[in-house]
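Chain residues, written in single-letter form:
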Amino acid sequence: MERNKKFSKSADTIVVKSKFLILTAIIAYLIPFTANAYVVKYKEDYYKLFHVHYTQFSDDCIENIYWLEKAVNADFANPLYAMAKIETETQWEKYRFLFQMHLNLKLIEQHLRLGRIYDKKAAYFYDAPWKDEYLRNLEKAKACYEAGYYYWKESMLWAEKANISQYNFLYITDLQNWEDEKERIVTGELDYKKTLDRELTRLNKVIEDLVAMESKSY
């Protein structure tokens, strides 16, 4: 008899707890959720939306190009919220130059990635049945590569601004990779014009070969 009373009391406790949990869930559902909205406004905000996938499809490249373009045209956040520790106005100035250079380099990279999705390394005789489709894709790739020249000119311009004698012994150590990019541009080690020239020369040869190809079925 005593055992039955204990079991009954335990069961009642479980029921009460269950009702309490259900009531809590209902209240939480009914109360409006008022989270603070995060406004994407500054260059640093847009840059954080840029990301590279292990396997990158055309939509991923286009999305990245969109965010990078928005970053290029956006204002800088207050130095307190920069992507590196900024303590002087001179550091702040060089930081801005390096940032613009880096954004343009990433835009070249994304246009090359997008172009290679549509590209075709060579034309083979058995491509004849699909030559028109290949040609359409190659024109898309060509447009991507040609767009890269503009961003390369911008990259060199900002690299030059970040390389004046005033900054000879000033390094943004938190952004060493950006400093390295600047140095490679200045020394000529990094030259995207050569890359773009090479890709377009090869691509134009593929287009010529496809155009000259007779339409056949295999």
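What you see is a predicted model; the values in this text were computed from it and never measured. (Residues numbered from 1 in each chain as written. Predicted model: local features only at pLDDT ≥ 70, side-chain atom pairs only at ≥ 80, totals over all residues. Heavy atoms only, no water.)

Trainee: Honestly, the packing of aromatic side chains in this entry has me stumped. Any pointers?
Mentor: Remark: the centre distance and the inter-plane angle together describe each pair of aromatic rings, the angle taken between the planes. Applying the stated criterion across every chain, the model contains 18 aromatic pairs. Here the aromatic rings of Tyr124 and Tyr126 are separated by 5.4 Å at their centres, their planes lie at 10 degrees, and the arrangement is stacked. We classify Tyr126 as partly exposed; its relative accessible area is 41%. One aromatic cluster is present, built from ring pairs that chain together Tyr47, Phe50, Phe76, Trp92, Tyr95, Phe99 and Trp178. Above the plane of the ring of Phe97 lies Lys161, whose end atom (NZ or CZ) is 5.9 Å from the centre. A cation over an aromatic ring shows up here: Lys161 above the ring of Trp158, its NZ or CZ 5.8 Å from the ring centre. (Phe/Tyr/Trp six-rings, centres within 6.5 Å; stacked < 30°, edge-to-face > 60°. Buried < 20%, exposed > 50% of the residue type's maximum accessible area, 1.4 Å probe, protein only. Lys NZ or Arg CZ within 6 Å of the ring centre and 35° of its normal.)

Trainee: What exactly am I supposed to notice about a nonpolar patch on the surface here?
Mentor: A contiguous nonpolar surface patch, about 350 Å² in accessible area, is contributed by Tyr124, Phe125 and Tyr126. With respect to the helices and strands, the residue Tyr126 is situated in the loop between α4 (89-118) and α5 (131-161). (Patch = residues over 30% accessible without salt bridge, like charges linked within 9 Å, V, L, I, M, F, W, Y side chains within 5 Å. Areas by Shrake-Rupley, 256 points an atom, 1.4 Å probe, with all protein chains shown as cover. Salt bridge = Lys/Arg side-chain N within 4 Å of Asp/Glu carboxyl O. Helix = DSSP H or I, 4+ residues; strand = E, 2+ residues; numbered from the N terminus.)

Trainee: Where do I start with the nonpolar core in this structure?
Mentor: Nonpolar side chains tend to gather and get buried jointly when the protein is soluble and globular. Counting 51 residues, the largest nonpolar core has Tyr95 and Leu105 as its most contacted members. When contributions to this core are tallied by element, the ones reaching two or more residues are α2 (43-49), α3 (58-73), α4, α5, α6 (176-187) and α7 (192-212). The leading source of residues in this core is α4, at 12 residues. Those residues in contact with Tyr95, other than ones at most four positions away along the chain, are Glu44, Phe76, Ala82, Met83, Ala84, Ile86, Leu175 and Trp178. (Core = buried A, V, L, I, M, F, W, Y, C linked by side-chain atoms within 4.5 Å. Contact = heavy atoms within 4.5 Å.)

Trainee: Mind showing me how you'd approach α7 here?
Mentor: Along an α-helix, a turn takes 3.6 residues, which lines up residues three or four apart on a common side. In a regular helix each residue adds 1.5 Å, so 21 residues correspond to 30 Å; α7 covers 30 Å between its end C-alpha atoms and thus fits that length. Burial in α7 covers these residues: Tyr192, Thr195, Leu196, Glu199, Leu200, Leu203, Val206, Ile207 and Leu210. Take α7 and look down its axis: the buried residues cluster within an arc of 125 degrees, on one side only. Opposite its buried face, α7 presents the exposed residues Lys194, Thr201, Glu208 and Ala212, each directed more than 90 degrees away. In this structure, the buried side of α7 is in contact with α4 and α5. For α7, the N-terminal cap is Asp191; the gap from its side-chain oxygen to the backbone nitrogen of Lys193 is 3.0 Å. (Expected span 1.5 Å × (residues − 1). Arc of directions from axis to C-beta. Polar contact = N/O pair within 3.5 Å; in protein donor to acceptor, adjacent residues only side chain to side chain.)

Treat this as a map of the structure, not an account of what it does.
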